[in-house]
Amino acid sequence: MRGSTSAPTARVLDVVELLARSAHAWPRFSDVVRELELTQGTVHAILKTLCDRGWASRDPITKTFSLGPAFAVVAARMDNARPLAHAARAAAVRLSREVGYAGSVVERFGESLVVTAFEGSPATQPAGIPGDRIPYTPPFGVAFAAWDSDEERRAWIRRGTGGNADRVRRLEHVLARTRERGFDVDWTTPALAQAVQVVGTLDSNAMPTPVRHILDQLLVEFTTIGFLSDDNPGRRKQPVVTIAAPVFDHRGHVALMLAVHPLSPLSARQIQIIGEKLVEETTAISEAQQHPAVVDLGE
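Please read all numbers here as calculations on a predicted model, not as lab measurements. (Residues numbered from 1 in each chain as written. Predicted model: local features only at pLDDT ≥ 70, side-chain atom pairs only at ≥ 80, totals over all residues. Heavy atoms only, no water.)

Trainee: What exactly am I supposed to notice about unusual backbone geometry here?
Mentor: For residues other than glycine, phi is negative in most cases, and the peptide bonds are mostly trans. If you check the backbone angles, E37 has positive phi at about 55 degrees while not being a glycine. By secondary structure assignment, the location of E37 is in the loop between α2 (29-36) and α3 (40-52). The phi torsion at K63 lies on the positive side, around 65 degrees, for a residue other than glycine. By secondary structure assignment, the location of K63 is in the loop between β1 (56-58) and β2 (65-67). (Helix = DSSP H or I, 4+ residues; strand = E, 2+ residues; numbered from the N terminus.)

Put into structure tokens, the structure is as follows:
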């Protein structure tokens with residue numbers, strides 16, 4: 001959608017999203033001010049309005065804020081309003097029970113990826129989810145990019161290469177191998193992900209030539225090191241963070257990503273078994289979009 005955005009609306013949504021992310025540690029007024037870097041007056045006005053309308057609630061004892069009852073009305077309608085996401089969440093539950101690892105649903109919003117559902121024990125939850133926005137740029141979102149349109153795939157690669165030909169070739173190979181395999185395998189740990197973001201913000205052109213070459217090589221490694229090669233079934237176990245596969249809508253476009261988070265060392269055989277179960281689920285959901293059930297309105 002074209003046009004300018006509304007800053008006041010964005011601030012309200014920031015507060016709502018903060019409350020939604022704080023399921024196990026509800027924030028106080030001062031927490032909201034500090035976390036969102038807003039003035040006390042702005043936060044007070046937003047929270048009072050949300051509470052008055054039932055979108056937020058304030059505990060009179062702990063002085064903390066949480067989502068209000070109005071969200072329950074919206075949540076009750078979500079399954080009908082977003083059937084694809086509902087089907088994916090049900091699949092995440094089945095996968096988590098079957099393979100013993102947490103499952104999640106990841107959706108794309110513009111240039112960001114957001115975990116919209118997480119199923120499994122909190123002890124197996126990857127750091128930073130659900131709710132946090134992850135940039136749709138290498139090394140994140142391979143299961144989206146591998147099946148994205150040619151234009152979007154090239155844009156994703158450009159965001160992670162900075163014009164470096166070596167990185168372009170390696171990322172193209174990663175996407176091709178992912179499409180061939182049918183699912184993405186990633187062991188990009190939170191520490192590695194942070195390193196990618198830090199190095200990516202540095203202006204290598206302002207560095208001496210030797211340092212610039214080192215930074216360029218670091219980015220080459222960082223943006224591709226999180227992708228395992230399963231070409232050698234006999235290799236030792238590797239720590240796997242995520243195994244993910246795409247779900248397609250009725251137009252054949254990638255709508256969302258279904259993922260499993262082992263967060264433990266796996267052999268190539270174990271990865272293949274989980275990947276096949278994952279693809280079975282995503283294929284069933286995608287095919288259901290192509291052949292939706294006919295509802296008899298006369299009953």
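Trainee: Would you explain the packing of α2 against α3 in this entry?
Mentor: Geometry of a packed helix pair, given as the angle between the helix axes and the separation of the axes. Remark: α2 packs on α3, axes separated minimally by 10 Å, with the N-to-C direction vectors making an angle of 120 degrees. Classed by the angle they form, the pair α2 and α3 counts as oblique. Where α2 crosses over α3, the two elements pack in a sense that is right-handed. Residues F29, V32 and V33 of α2 lie in contact with α3, whose contacting residues are Q40, V43, H44 and L47. Split by residue class, the contact of α2 with α3 holds five nonpolar, two polar and no charged. (Axes fitted to C-alpha atoms, helices over the stretch in contact; angles between N-to-C directions. Parallel < 35°, antiparallel > 145°, perpendicular 65-115°, else oblique. Left-handed = near helix turned anticlockwise from the far one by under 90°. Contact = heavy atoms within 4.5 Å. Nonpolar A, V, L, I, M, F, W, Y, C, P; charged D, E, K, R; others polar.)

Trainee: Is there a simple way to explain the side chain of T137 in this structure?
Mentor: With respect to the helices and strands, T137 occurs in the loop between β5 (133-135) and α6 (142-145). Among the residues examined, T137 registers a relative accessible area of 14% and is labelled buried. Among residues more than four places away in sequence, those in contact with T137 are W156, R159 and G160. (Buried < 20%, exposed > 50% of the residue type's maximum accessible area, 1.4 Å probe, protein only.)

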